[in-house]
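# Breakdown of the fold
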Amino acid sequence: MNAAAAGYALICFDGLDLLIDQHAIVSLENMIVLQGKNDEVKASEVIAGDACEVHSLTAQLVVADKIDTRCRYIVVLQADEHRFGITVDSVQSLPIQDPKLHALPACMSISESPIKAYVQVKERIAFCCDVSTLWCRIKSSESRHEYKE
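A brief structural summary. (Residues numbered from 1 in each chain as written. Predicted model: local features only at pLDDT ≥ 70, side-chain atom pairs only at ≥ 80, totals over all residues. Heavy atoms only, no water.)

This part covers the sheet that holds strand β3 (residues 25-30). Taken together, the five strands give an open sheet; going across it, the order is β3-β6-β7-β4-β5, and neighbouring strands pair in mixed fashion. Taken across any chain shown, the strands that pair with only one partner, and hence form the sheet edges, are β3 and β5 (62-63). Pairing analysis gives two bridges linking strand β4 (residues 54-56) to strand β7 (residues 82-88), with the strands arranged parallel. Each residue of the ladder has a partner; that of Val54, found in β7, is Gly85. (Pairing = 2+ DSSP bridges. Helix = DSSP H or I, 4+ residues; strand = E, 2+ residues; numbered from the N terminus.)

A word on the packing of aromatic side chains. Within this structure, the stated rule accounts for one aromatic pair. Each ring, one from Phe84 and one from Trp135, has its centre 5.0 Å from the other, and the planes form 35°; the classification is tilted. Of this pair, Phe84 sits in strand β7 while Trp135 sits in helix α2 (residues 131-148), and the two are 51 residues apart along the sequence. Owing to a relative accessible area of 0%, Phe84 belongs among the buried residues under this scheme. (Phe/Tyr/Trp six-rings, centres within 6.5 Å; stacked < 30°, edge-to-face > 60°. Buried < 20%, exposed > 50% of the residue type's maximum accessible area, 1.4 Å probe, protein only.)

Encoded structure:
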């Protein structure tokens with residue numbers, strides 16, 4: 001994926017398609033490469049060069065201790081001065097310059113949600129995701145998770 005090219009990336013986790021700006025993607029790690037290796041490898045060690053934590057969106061937005069074999073990729077994102085990774089099922093580059101955004105219905109709109117709009121991509125619906133708000137959501141989710149234990 002060429003981050004210098006204008007456009008968006010369509011990432012998918014747990015069946016939810018998210019549309020993000022390609023410029024927010026720092027790196028992409030294909031987990032298929034690791035299939036034959038030790039399953040105990042920490043996800044954060046896989047992208048040690050990026051010096052960031054990997055968050056598993058399939059595990060309540062917490063830091064991933066191990067690679068989830070159901071996830072095929074780790075995507076490292078840059079949100080302002082914060083760099084973080086997320087585990088995803090698929091990644092696709094889209095050359096959409098100005099997507100036609102639709103506002104979420106009022107019943108789906110949540111103030112702290114990183115999803116504020118949606119767009120139709122071929123036969124699929126993708127939710128536009130703001131990376132900075134996603135970072136805030138992950139950090140606030142981790143705080144709540146820490147207090148429950």
